[in-house]
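# Residue-level structure breakdown
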Amino acid sequence: MKLAFIVHGKIKGRDKLIAGIKEVFGTGADAVFFITEHANGSIELSSKALREGATHIICVGGDGGLNEVANGIMQVVESGMDENGRNKIRLGLLPLGTGNDFAKTVRIDGSLQALKQYIDNDICREIDLGFVEFKGEKGENASRYFINITDLGMGGVIARKLKNSSKILGATITYQKAILTTLLTYRNLPIKVVADNFKYDGSVMNFIVANGKYFGAGMGIAPDAVPDDGQFAVVIAGDISVLDYLKNLGDVRKCVRVKFPGIQYLSASSLF
């Protein structure tokens, strides 16, 4: 067993954190540390760690880093890794990012001591992994795995805002500000979707395909999502005003279904 910790380069107290990991796991532990230096760095580093013999890839960060690590692992798996090698891989998470939404779905204890116990006792769970094909910003064909949620519509606008915004006010306020300012100006997007068990043709504010229940720093947008049932929870958000959003925000944060005509809850295993 060889551990590789993929650490977000801008994480607060990085050196102290690494020292803490070494203390909990012991100096004799076969562990290496990789520090990200740029966007998508966790993809490269997790792939590198696997190719260098690591069996346990631990993401030290948030949902973005976890997404990247999952994609890095899949790059190696799809390059021809045999079944024996695949069965040895464990993906771990030390949730120290901005939102930590997937950790809420799988109810991860975020302490180092719990992480060590999970690893020492091989406490793990097989979960589903989504795969999406899309057009990149320059119109090129692209693809990506996702472990939590992917969406079409205003979610992309919000993500771009968050990428360039300060998180000094904390995750919740930062996300809510981005959502509310986007709601004020966003125009619904016409889409056509064919799933394995339904069709949709109409305009949406957001079309959400979820493996996990939460996004946006604790917003339980997909209460029906179960990450190991072979199905995506699909949430279709149509016409929603700022007032509608604020009225129903409490239920969303409680991760329960919103009783509002502009929201539909469906499920599917594949969508085109």
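About the cut-offs
- Residue numbers here run from 1 along each chain, matching the order of that chain's written sequence.
- Residues qualify for local features only when their pLDDT is at least 70, as the model is predicted, and side-chain atom pairs are given and counted only at 80 or more; totals for whole chains, interfaces and linings, by contrast, use all residues.
- Heavy atoms throughout the structure, all of them, feed into the side-chain values; hydrogens and water do not.
- Between 30 and 60 degrees the pair is tilted, below 30 it is stacked and above 60 it is edge-to-face, where a pair is any two Phe, Tyr or Trp rings, Trp via its six-membered ring, whose centres lie within 6.5 Å.
- Only DSSP runs of H or I reaching four residues or more are called helices, and only runs of E reaching two or more are called strands; each is numbered from the N terminus.
- Only protein chains enter the accessibility calculation, which uses a 1.4 Å probe; a residue is then buried when its area is under 20% of its type maximum, exposed when over 50%, and partly exposed in between.
- Note: two strands are recorded as paired if DSSP finds a minimum of 2 bridges between them.
- Comment: axis = line fitted to C-alpha atoms, over the contacting stretch for helices; angle = value between 0 and 180 degrees taken between N-to-C directions.

Quick look at the packing of aromatic side chains now. Across all of its chains, the model carries 5 aromatic pairs by this definition. Between the aromatic rings of F5 and F25, the centroid separation amounts to 5.5 Å while the plane-to-plane angle is 70 degrees, which identifies the pairing as edge-to-face. Of this pair, F5 sits in strand β1 (residues 3–7) while F25 sits in helix α1 (residues 14–25), and the two are 20 residues apart along the sequence. Each member of the pair, F5 as well as F25, is classed as buried. With a centroid separation of 5.6 Å and an interplanar angle of 25 degrees, the aromatic rings of F146 and F232 are classed as stacked. One end of the pair, F146, is in strand β6 (residues 141–146); the other, F232, is in strand β11 (residues 232–237), and 86 residues separate them in sequence. Of the aromatic side chains, those joined through ring pairs into one cluster are F5, F25 and F33.

Time to look at the sheet that holds strand β10 (residues 206–210). The 4 strands lie next to each other as β7-β10-β11-β12, forming an open sheet whose pairing is antiparallel. Each edge of the open sheet is held by one strand with a lone partner, namely β7 (149–153) and β12 (263–268). In this sheet, neighbouring strand axes are inclined to one another by 15 degrees on average, regardless of whether the strands run parallel or antiparallel.

Glancing now at the sheet that holds strand β4 (residues 90–95). The sheet built from 4 strands is open, its strands ordered β2-β1-β3-β4 with parallel pairing. On the outer flanks of this sheet lie β2 (31–35) and β4, each paired with one strand and no other. The sheet shows a mean angle of 20 degrees between the axes of neighbouring strands, direction not considered. Sheet topology places β1 next to strand β3 (residues 56–61); 5 bridges connect them, and they run parallel. Across the sheet, residue V7 finds its bridge partner in β3, namely V60.

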